[in-house]
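In case you want the letters, here they are:
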Protein chains: 2
Amino acid sequence: MTIRQDAPSDDLDLLHRYWMAANYLTVAQIYLRDNVLLRRPLTEPDIKPRLLGHWGTSPGLSLVYVHLNRLIRRTGASIVFIAGPGHGGPAVVANTYLEGTYSQLYPDVTRDEAGLRRLARQFSTPGGIPSHSGVETPGSINEGGELGYSLAHATGAAMDNPDLIVACVVGDGEAETGPLSGSWDAPSFLDPTRDGAVLPILHLNGYKISGPTVLGRRSDDEVLALLHTHGWDPEVVAGDDPMQVHQDLADTLGRVHTAITRIRRDARESGATDRPRWPAIVLRTPKGWTGPDIVDGLEVEGTFRAHQVPIADVPDNREHLRMLEHWMQSYRPEEQFDQQGRLQPELAALAPSGDARMGASPHANGGRVLHPLALPTPEVYAVHVPAPGAVHHETTRPLGEFLRDVYTANPDNFRLFCPDETNSNRLGAVFEVTERCFVGSLIPGDDHVGHHGRVMEVLSEHLCQGWLEGYLLTGRHGLFATYEAFAMVSASMTIQHTKWLERARSLSWRDPVASLNILLTSTCWRNDHNGFSHQGPGLIDTVLSLSGDVTRVYLPPDANSLLIVAEEALASRDRVNLLVVDKQSHPQYLTLEQARDHFAAGASVWEWAGSESSDASGVREPDIVLACVGDVPTEETLAAAALLRGHVPDLRVRVVNVVDLMSMAPPGAHPHGRPHEDFTGLFTDDVDVVVAWHGYARAFHQLLHGRPAPDRFHVRGYTEQGSTTTPFDMVVLNHMSRYHLAIEALRRCRRAPDGAADLVGYCERMLQRHHNYVREHLEDMPEVRNWIWPEPV
Amino acid sequence: MTIRQDAPSDDLDLLHRYWMAANYLTVAQIYLRDNVLLRRPLTEPDIKPRLLGHWGTSPGLSLVYVHLNRLIRRTGASIVFIAGPGHGGPAVVANTYLEGTYSQLYPDVTRDEAGLRRLARQFSTPGGIPSHSGVETPGSINEGGELGYSLAHATGAAMDNPDLIVACVVGDGEAETGPLSGSWDAPSFLDPTRDGAVLPILHLNGYKISGPTVLGRRSDDEVLALLHTHGWDPEVVAGDDPMQVHQDLADTLGRVHTAITRIRRDARESGATDRPRWPAIVLRTPKGWTGPDIVDGLEVEGTFRAHQVPIADVPDNREHLRMLEHWMQSYRPEEQFDQQGRLQPELAALAPSGDARMGASPHANGGRVLHPLALPTPEVYAVHVPAPGAVHHETTRPLGEFLRDVYTANPDNFRLFCPDETNSNRLGAVFEVTERCFVGSLIPGDDHVGHHGRVMEVLSEHLCQGWLEGYLLTGRHGLFATYEAFAMVSASMTIQHTKWLERARSLSWRDPVASLNILLTSTCWRNDHNGFSHQGPGLIDTVLSLSGDVTRVYLPPDANSLLIVAEEALASRDRVNLLVVDKQSHPQYLTLEQARDHFAAGASVWEWAGSESSDASGVREPDIVLACVGDVPTEETLAAAALLRGHVPDLRVRVVNVVDLMSMAPPGAHPHGRPHEDFTGLFTDDVDVVVAWHGYARAFHQLLHGRPAPDRFHVRGYTEQGSTTTPFDMVVLNHMSRYHLAIEALRRCRRAPDGAADLVGYCERMLQRHHNYVREHLEDMPEVRNWIWPEPV
């Protein structure tokens, strides 16, 4: 078979035949378990026992794919393909099979009749492949199950990929979702000097599963105006005559390529600084195009009935079987495939080759193009901690300095994504070396805003996370910093990305990518100023239930611990790392070296905070263990320990700090779960443990299932109590204050040491004083220093 | 004080003074703890020790509010006010105070100088009120903390409120969010014959916290085109000269009202059927308008520096103190308020009175206008169950028939919201009496689609839930039915709505509203066809951590149980009810009467499924308890019990089914938690329990903390294992199959009864057979009946 590599065909008739071959294979995947080339009349045993898959969107996806193939062959463009209507999995699989990528990655699916049979049988069946385009699909960086993120992923993929075109088919169903609607503003965040092009192809086929689509029923003018107002330069391609649509789409893609080339040249060579109008395409073709017109007297092509399997009951209905056969023969498989079941050479020649194939693009298998981040040494940014608690510091500020230098050392493959809170989160040092990205009109007085800025601020958690996911899956690095409570806005994306990584790890051809790092700051405990709506540590709960192979949750107690955690997280691969830490000024405990050791252990005894004595044999046995996880819980625990040391010197208190939450889980439940002997080394196997925990108490309890005597762990955490109040009132309202912890410790320890009753009385008085204080606050309004925290004990 | 109720003032000078009074009170709330009428020069003790609040958006919110007051007085319009930029809480509070609503609902805050002092002091301070407009704010149905839902709430509020205008100020920051972006298509879902008007007022002030906004930097033409393409008829009002803006906004609102009146008349009297272009306003005014121009040499008004507190360090900085005083005096408080601190009568006369005040609108305190649903008796729809498991039925289908008749009996205050899955979820019976709502061009072949349709289908969980929330908070009823996994898309909304209801319950003036009912169907266990991305029971975990006063989680095991649960959920108030059930055909167990008893108990022993014997004293003591929660877990548990009964007749097995998940929690942890004696009556206090649970195993474990010996509960649940496979393979992959449960039961029971070893061997052989089957599936492709479930045991 000779492929004319150097002479791209300009023959749309050939392209049409290639498209028919793709449609044929799409139908074959949905219906056939045998007789895949129709070498004999279809009979009932040829048909799969269960018919699944989405035909409706598939011909449109294939149409775009084959035309992009042509564009690549004619221009040498580097293109990544994103299928927004990812339910059309069989179409994308068919195209990556026809171009040869599929057989390369899945050698069982050979490029011959046996391979075709395997291709058909494996689709949407046990032991086979899912029906959506997703992680298993060559060239995909977008899971096609949960809709709405395609254009955000495309935008992230284009960032810092100056020569790339990311073609993104957006379905008119998907276009109704919020995240997709918000994604249309991509042109305001793509710098033509440095970023690639996003080419949206809005595919209007009019229907969802059963209802009409909003955009599908709008006029061309209205849809063009929509894209135009978001900054695009859209063209319509519409029709139901294949050859006319082929001609129009080919012409349009030619103009699109010319426009992208011109925009790049203008920005990169001529120094144009206006926001360019990137081209976009509105493609209006029938749903289930080329499929059956009428089935059982009802219209199918062009209607919602074409959405999934357009002819049902095929094995049991002779007429349907003949109709299916007739439909499949309309693609003339005997002309498109040779006797061995291989695509005819004149068609195979239409596909690009090597990495130019969209299914084989290294950008869509990001690990292949991943360069490790150059990470500065955290020592440079460390807070000087002469003694535990001796200094206060805004915990996230040194991280901002660290990230500043990450930017400098990695000028084209690292970005920070944040909903307009970079400064608020104390990460503003990054603006010493870069700016907020905004490609639009700038005015005097704008603060660190510019077209070439590399800090991505947009008031949408969906966009921040979606852009970052696209950036990561194409082989780059980044961090999403957000208010803890509002990380729940994109929780479903976090779940889907975790699922993606979990599956990717099982695919040998997907190389590891940089982890999704989510910094949860402005936490519940210090949203005393914003109040109840801003208090929500729920993303931890969400992540705890997902695959432990992927998820990590870190709660650094101080700034140096955060630096160590961040260094690890940024260097890691194929993970979803939550970093939970408040941005306000907090006591600092550990030197960088101590923080490193602490992080390596996951959890450690903080001997200086406890009051254990050891007997001659070196055996230690505390009366009570105080455990703390997170910055504010640590602060309260240490204060409780000080109260206990001071008032009940006879009591042997142990303080354990946990930085790696997953270290608490039994080893079988999470790879970071510490061995049982380590766990009992921290917590003994029977002493009661009072836990001050950052999140919802029950989330911590669930981790302990399988540890010895988990009921001895008495967990205080956030219990949905809070308002606009003081930070100390927050811990009181949620029964996690130093006084609550000290009382609980005395209640739970096994003996009644001297001074215990006095201390309980003292704590109760202090709590009463606090209650009075809050009750009378509106009258007194004492100075702010008294609001924040009680005097040191 | 005489208010000229019958002679609305047309004097914009007076309106301007009213606006100045509102701005004055906004600043007072942010800054002052005393001297609220500036009766003496400001000194340091007059200033709050901690300065919080958002000034930037506030003058714009007040501007809209006072002009809407004028419109109400001139036209008698019924208007609800929604503050999208809800951070501008002090402005909304100021306006509801000036109109008198605030003092009515919060009698401590009197309409005199003492009340003004209280108003100022309470703002954003411990013991006071939050800084955002939210549940505590009179007239609010939208929490202003987490942004993005205002326009969706407005749209839901307008549905079935034919005479209402819902004025919704959308911030240009909020406009960047996905959910808000998707909300612009409201005109496609508002029926002018039956629904009220949504009036979006897009407020462009150019900046977020520190960066520019996307729409703020667009030209007027671009912004107008955006709204126009979504179906609105927008006008621009812009300027920084108050009197010019007053005149323009007053004129514009006059035209808006005329247009709304005309649209209504055309649709309701003239029978117009085209989609009307509803009016909308683009309001472009400076951020922090009328605030300080320059502070410390930096521009403030019109810039991001006006976002929060524009003059900082006031108590410590003498110049800043004078600047604040100068700013406040610019509003001439001595002219707007009388000697007693009351608004001057000529200004007070500008506000509407009674329920016409936007802060007092009964629609915004939905419980006041709530009519209980007329609920048909579930008996009519019950599945006939001659014996447990004797019939199979699609569990949700009878619910669809029930909902059909709910529609009929409640023609104007009930709606179903669903992302295009009503039929797929087997609820299609509703289309016998209504249609999908789509206000746009209809074409022949559309399936139950119409302008007057009352089933709200849009492919956006955000819109479905946001519309429903707006509908509920204005005193109506509804159900959101969605794929279980994709309920996580709007999880953050569920959290915020739960928080809203939790707070609303503590406000005596907020009357109870109908519950937010979320039907989670197409569950993880039966998404064998859609695969891994569609398998996610995480919303249960999310809800478990929230306030038990509000949240309920029900897992009806069959159709009749679902009817009983739905009846309860639809009749309940101030709750968030999750109803978790699959839509496919499943065995049916309970008669309606049994289902009612079962539901009342929360969890019951299913005696017919167990094999307990009772001795003469009547005491029973099982060897093992099998508990099941959810439809598929119940099916597997009953099969495991049958295996145990058949193979190990000597073993005393008890089967417990749980329909009300919260009944498992200790009574102190949730109001539905069953008393300890009931709990041990079901589970004993020491016998091991093998639990087959619908969701993530650890979610069930966390509920048991506090129950006797919780470690004896061995929970099998969804463990993130799954793909496109068979339903039975799903339970095998997640180790919850009948065989796994039987083996676990035998492993955990305290004796080694006859036949145990044989049954373990049998189960292992069956699992091996299944593994072989899946491995060889691609070769064999057996008939579909063998895919679904093993033969009955």
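Thresholds applied
- Residues numbered from 1 in each chain as written.
- Chains lettered and ligands numbered in written order.
- Predicted model: local features only at pLDDT ≥ 70, side-chain atom pairs only at ≥ 80, totals over all residues.
- Heavy atoms only, no water.
- UniProt positions renumbered as here; feature names shortened; annotations may be inferred.
- Helix = DSSP H or I, 4+ residues; strand = E, 2+ residues; numbered from the N terminus.
- Rg over C-alpha atoms; globule rule 2.2 N^0.38 Å.
- Buried < 20%, exposed > 50% of the residue type's maximum accessible area, 1.4 Å probe, protein only.
- Contact = heavy atoms within 4.5 Å.
- Areas by Shrake-Rupley, 256 points an atom, 1.4 Å probe, with all protein chains shown as cover.
- Salt bridge = Lys/Arg side-chain N within 4 Å of Asp/Glu carboxyl O.
- Lys, Arg positive; Asp, Glu negative; His and termini not counted.
- Least-squares fit on C-alpha atoms with pLDDT ≥ 70 in both.
- Domains from an automatic or database assignment.
- Pairing = 2+ DSSP bridges.
- Right-handed = clockwise from strand over helix to strand, strands pointing away.
- Core = buried A, V, L, I, M, F, W, Y, C linked by side-chain atoms within 4.5 Å.
- Polar contact = N/O pair within 3.5 Å; in protein donor to acceptor, adjacent residues only side chain to side chain.
- Nonpolar A, V, L, I, M, F, W, Y, C, P; charged D, E, K, R; others polar.
- Axes fitted to C-alpha atoms, helices over the stretch in contact; angles between N-to-C directions.

The name given to chain A in an unreviewed UniProt entry is Phosphoketolase family protein, with Rhodococcus xishaensis as the source organism. Here chain A is described in UniProt, under the heading Cofactor (unreviewed entry), as follows: "thiamine diphosphate". Of the comments in the UniProt record for chain A, the one headed Sequence similarities (unreviewed entry) reads "Belongs to the XFP family."

Asker: Any chance you could explain the overall build of chain A here in plain terms?
Answerer: Check the secondary structure of chain A and you find 26 helices and 22 strands. Computed over C-alpha atoms, the radius of gyration of chain A comes to 30 Å, within 12% of the 28 Å expected from 2.2 N^0.38 for 793 residues, which places it in the range of a compact globule. Overall size of chain A, expressed as C-alpha extent along the three principal axes, is 95 × 65 × 45 Å. Here chain A holds 793 residues, and 70% of them are scored as buried. Considering only residue pairs separated by 6 or more positions, chain A has 77% of its internal contacts joining residues 24 or more positions apart. A total of about 23500 Å² of accessible surface is found on chain A, and carbon and sulfur atoms cover 49% of it.

Asker: Please clarify how unusual backbone geometry should be interpreted in this entry.
Answerer: Excluding glycine, a negative phi dihedral is what most residues carry, and trans is how most peptide bonds are arranged. Residues and elements named next belong to chain A. Of note, the phi angle at D313 is positive, near 55°, even though the residue is not glycine. In this fold, D313 is placed in the loop between β7 (298-299) and α10 (318-329). Positioned with a positive phi, D574 is a non-glycine residue whose angle comes to about 60°. Inspection of the secondary structure assignment puts D574 in the loop between α17 (559-571) and β16 (576-580). Taking the relative accessible area as the measure of exposure, D574 reaches 8% and is therefore buried.

Asker: Explain the pattern of salt bridges to me, please; I cannot follow it from the model alone.
Answerer: A side chain with one charge may pair with a side chain of the opposite charge, provided their charged atoms come close. All names here are of chain A. Under the criterion given, the structure shown has 90 salt bridges over all chains. Between D108 and R118 there is a salt bridge, with the nearest N and O atoms lying 3.9 Å from each other. Of this pair, D108 sits in the loop between α4 (101-105) and α5 (113-122) while R118 sits in helix α5; the two residues are 10 residues apart in sequence, bridging distant segments of the chain. Here D160 makes a salt bridge to R454, at a shortest N to O gap of 2.8 Å. Pair noted here: D160 is in the loop between α6 (150-158) and β2 (164-171) and R454 is in the loop between β11 (449-450) and β12 (455-457), with a separation of 294 residues, a long-range link. Several salt bridges converge on common partners, so that one network encompasses D160, D191, R194, D195, R415 and R454.

Asker: Would you mind going over the side chain of E502 of chain B with me for this structure?
Answerer: Along the chain, E502 of chain B turns up in helix α15 (residues 491-504). R505 of chain B is the oppositely charged side chain nearest to the buried, salt-bridge-free E502 of chain B, at an N-O distance of 4.5 Å.

Asker: I tried to follow the relation of the copies chain A and chain B on my own but got confused; where do I start?
Answerer: One copy of the chain maps onto the other through a rotation about an axis followed by a shift along the same axis. When chain A is brought onto chain B, the operation consists of a screw motion whose angular component is 180° and whose axial shift is 0.0 Å, with 0.0 Å RMSD remaining. Seen this way, the second copy is the image of the first under a two-fold rotation axis. When C-alpha distances to the rotation axis are compared across chain A, the minimum falls at G178 of chain A, with a value of 2.1 Å. Comparing contact sets, 100% of the residues at the interface of chain A also lie at the interface in chain B, consistent with an isologous, same-surface contact.

Asker: What's the story with the domain arrangement of chain A in this structure? I'm lost.
Answerer: Under the domain assignment, chain A is made up of domain 1 (9-364), domain 2 (378-586) and domain 3 (603-785). When each unit is reduced to the centre of its C-alpha atoms, the spacing between domain 1 of chain A and domain 3 of chain A is 57 Å.

Asker: What should I look at first to understand the pairing of strand β20 (residues 653-658) of chain A in this one?
Answerer: It is a general feature of regular strands that their side chains alternate between the two faces of the sheet. All names here are of chain A. Here β20 lies mainly inside the structure; six of its six residues are buried. Of the two faces of β20, the one holding V653, V655 and N657 and the one holding R654, V656 and V658 are both buried throughout. By the bridge criterion, three bridges tie strand β18 (residues 603-605) to β20 in an arrangement that is antiparallel. Considered in β20, the bridge of A603 is made with V658. Inspection of the sheet shows strand β19 (residues 624-629) paired to β20 by six bridges, in the parallel sense. Of the residues in β20, the one forming a bridge with V629 is V658. For the crossover that starts at β19, traverses helix α19 (residues 631-647) and ends in the parallel β20, the hand is right-handed.

Asker: Would you mind showing me how to read the side chain of S533 of chain B here?
Answerer: Following the sequence through the fold, S533 of chain B ends up in the loop between β14 (516-521) and α16 (538-544). Residues contacting S533 of chain B, with those up to four places away along its chain left out, are H132, E143, G145, E146, Q496 and K499 of chain A together with A485 and F486 of chain B.

Asker: Which parts of the structure should I look at to understand the nonpolar core?
Answerer: Side chains of nonpolar character tend, in soluble globular proteins, to be buried together. Counting 507 residues, the largest nonpolar core has Y31 of chain A together with Y31 of chain B as its most contacted members. Excluding its chain neighbours within four sequence positions, the residues that come into contact with Y31 of chain A are D46, I47, K48, L51, V309, P310, I311, V314, L324 and W327 of chain A.

Asker: Explain the interface of chain A and chain B here, please?
Answerer: On the chain B side, the residues contacting the 124 residues of chain A number 126 residues. At the junction of chain A with chain B, the criterion picks out 12 salt bridges. Two residues, R217 of chain B and D446 of chain A, come together in a salt bridge whose shortest N-O distance is 2.7 Å. At the junction of chain A with chain B, the criterion picks out 57 residue pairs in polar contact (both at pLDDT 80 or more). Mapped by element, the contributors of at least two residues to the side of chain A that touches chain B are α5, α7 (178-183), α8 (220-229), α15 (491-504), α16 (538-544), α21 (697-704), β22 (713-718) and α25 (777-780) of chain A. Sorting elements by how many residues they give to the side of chain A that touches chain B places α15 of chain A first, with seven residues. Here the side of chain A that touches chain B is composed, by residue class, of 44 nonpolar, 43 polar and 37 charged.

Asker: Whenever I open this one, the sheet that holds β2 of chain A confuses me. Can you help?
Answerer: The pairing of strands in a sheet comes from backbone hydrogen bonds and takes either a parallel or an antiparallel form. All names here are of chain A. Taken in spatial order, the five strands line up as β1-β2-β3-β5-β4 in an open sheet, and their pairing is parallel. The open sheet terminates on both sides in strands that have one partner only, identified here as β1 (78-83) and β4 (232-238). Going across the sheet, the axis of each strand differs from the next one's by a mean of 20°, ignoring polarity. Two elements, β2 and strand β3 (residues 197-204), share seven bridges in a ladder whose sense is parallel. Bridging across to β3, A167 finds its partner in L199.

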